[in-house]
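Structural overview
Each chain is listed here by its residues.
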Amino acid sequence: MTLRVMLVLSAGDKLELQKIVKKHPNWRVRERAQSVLLLAEGKSCQDVAERQGLTLQTVSATRRRWIEGGLDGLPDRARSGAPPKVSAADRERLTQWAREAPLSLPALQARHEQAGGTPVHLNTLSSVLKRAGFVWKRTRHCLKKSETRWHLTKLNKILPS
């Protein structure tokens, strides 16, 4: 026989969890809030896992995070990752150069490396500048309008009005 410890929610927590289940933009947070509500109804972790199509470990982890952190335990925790390829000082310098003069990415990369910056790929430079609010658009050389005019003048010669 297993000992089942039921979660006890305050009225405010229950109301907040119901709001989260209905309107939170992150589906994981909505799913975790639903799990907590079901556990508070007295359902076992196994029952909740089967009902939601989750693993027992997932529901147990959600329960543990709720006990430890309450509403703050619902969102994803920060994940580790690779350190940034471009330092904060380099990012600042790159954005300053991009504001001063319109440079292509290869020209910006060359200037960055000449200034002693760490060598980085063009995609990395692009993402750094996109995060800073810059937008790159490919220049398009389109002759559509002139072709249309050419066709109209040709048609006017063929079919006089």
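What counts, and at which threshold
- Residues numbered from 1 in each chain as written.
- Predicted model: local features only at pLDDT ≥ 70, side-chain atom pairs only at ≥ 80, totals over all residues.
- Heavy atoms only, no water.
- Axes fitted to C-alpha atoms, helices over the stretch in contact; angles between N-to-C directions.
- Helix = DSSP H or I, 4+ residues; strand = E, 2+ residues; numbered from the N terminus.
- Parallel < 35°, antiparallel > 145°, perpendicular 65-115°, else oblique.
- Contact = heavy atoms within 4.5 Å.
- Nonpolar A, V, L, I, M, F, W, Y, C, P; charged D, E, K, R; others polar.
- Core = buried A, V, L, I, M, F, W, Y, C linked by side-chain atoms within 4.5 Å.
- Buried < 20%, exposed > 50% of the residue type's maximum accessible area, 1.4 Å probe, protein only.
- Polar contact = N/O pair within 3.5 Å; in protein donor to acceptor, adjacent residues only side chain to side chain.
- Salt bridge = Lys/Arg side-chain N within 4 Å of Asp/Glu carboxyl O.

1. A short note on the packing of helix 6 (residues 105–114) against helix 7 (residues 122–131)
Between helix 6 and helix 7, whose axes approach to 10 Å, the crossing angle comes to 95 degrees. One way to sum up the angle between helix 6 and helix 7 is to call them roughly perpendicular. Contacts from Leu105, Pro106, Leu108 and Gln109 in helix 6 reach Leu122, Leu125, Ser126 and Leu129 in helix 7. Tallied by class, the residues present in the contact of helix 6 with helix 7 amount to six nonpolar, two polar and no charged.

2. Details of the nonpolar core
The nonpolar side chains of a soluble globular protein tend to be buried, and buried together. Counting 17 residues, the largest nonpolar core has Leu9, Leu17, Val36, Trp66 and Leu74 as the members making the most contacts within it. Elements with a minimum of two residues in this core: helix 1 (11–23), helix 2 (27–40), helix 3 (45–52) and helix 4 (56–69). By residue number, the principal contributor to this core is helix 2, which donates seven residues. The contacts of Trp66, once residues within four sequence positions are left out, are Leu7, Leu9, Asp13, Leu17, Val36, Leu71 and Leu74. Among the nonpolar cores identified, the runner-up in size contains 11 residues, and Val86, Ala98, Leu108 and Val128 belong to it.

3. Some points on the environment of Thr118
With respect to the helices, strands and loops of the structure, Thr118 is situated in the loop between helix 6 and helix 7. Spatially, the C-alpha atoms of Thr118 and Val86 are 7.3 Å apart, while their sequence positions differ by 32 residues. The contact partners of Thr118, leaving out residues within four places of it in the chain, are Lys85, Asp90 and His112. In this structure the side chain of Thr118 is engaged in a polar contact, spanning 3.4 Å, whose partner is the backbone oxygen of Lys85.

4. Description of the environment of Leu74
Its place among the elements puts Leu74 in the loop between helix 4 and helix 5 (88–100). Exposure remark for Leu74: the relative accessible area of 2% places this residue in the buried category. Sequence separation between Leu74 and Arg32 is 42 residues; the distance between their C-alpha atoms is 6.2 Å. Look past the residues within four positions of Leu74 in its chain and what remains in contact with it is Leu17, Ile20, Val29, Arg32, Ala33, Val36, Arg65 and Trp66.

5. Section: the pattern of salt bridges
Note that side chains of opposite charge can pair when their charged atoms are close. Enumeration according to the criterion identifies five salt bridges in this entry. Between Arg93 and Asp90 there is a salt bridge; the shortest N-O distance is 2.7 Å. Of this pair, Arg93 and Asp90 both sit in helix 5, three residues apart, which is roughly one turn of the helix. Residue class for Arg93 comes out partly exposed when judged on its relative accessible area of 23%. Residue classification places Asp90 among the buried residues on the basis of a relative accessible area of 12%. Sharing partners across several salt bridges, the network here consists of Arg28, Arg32 and Asp76.

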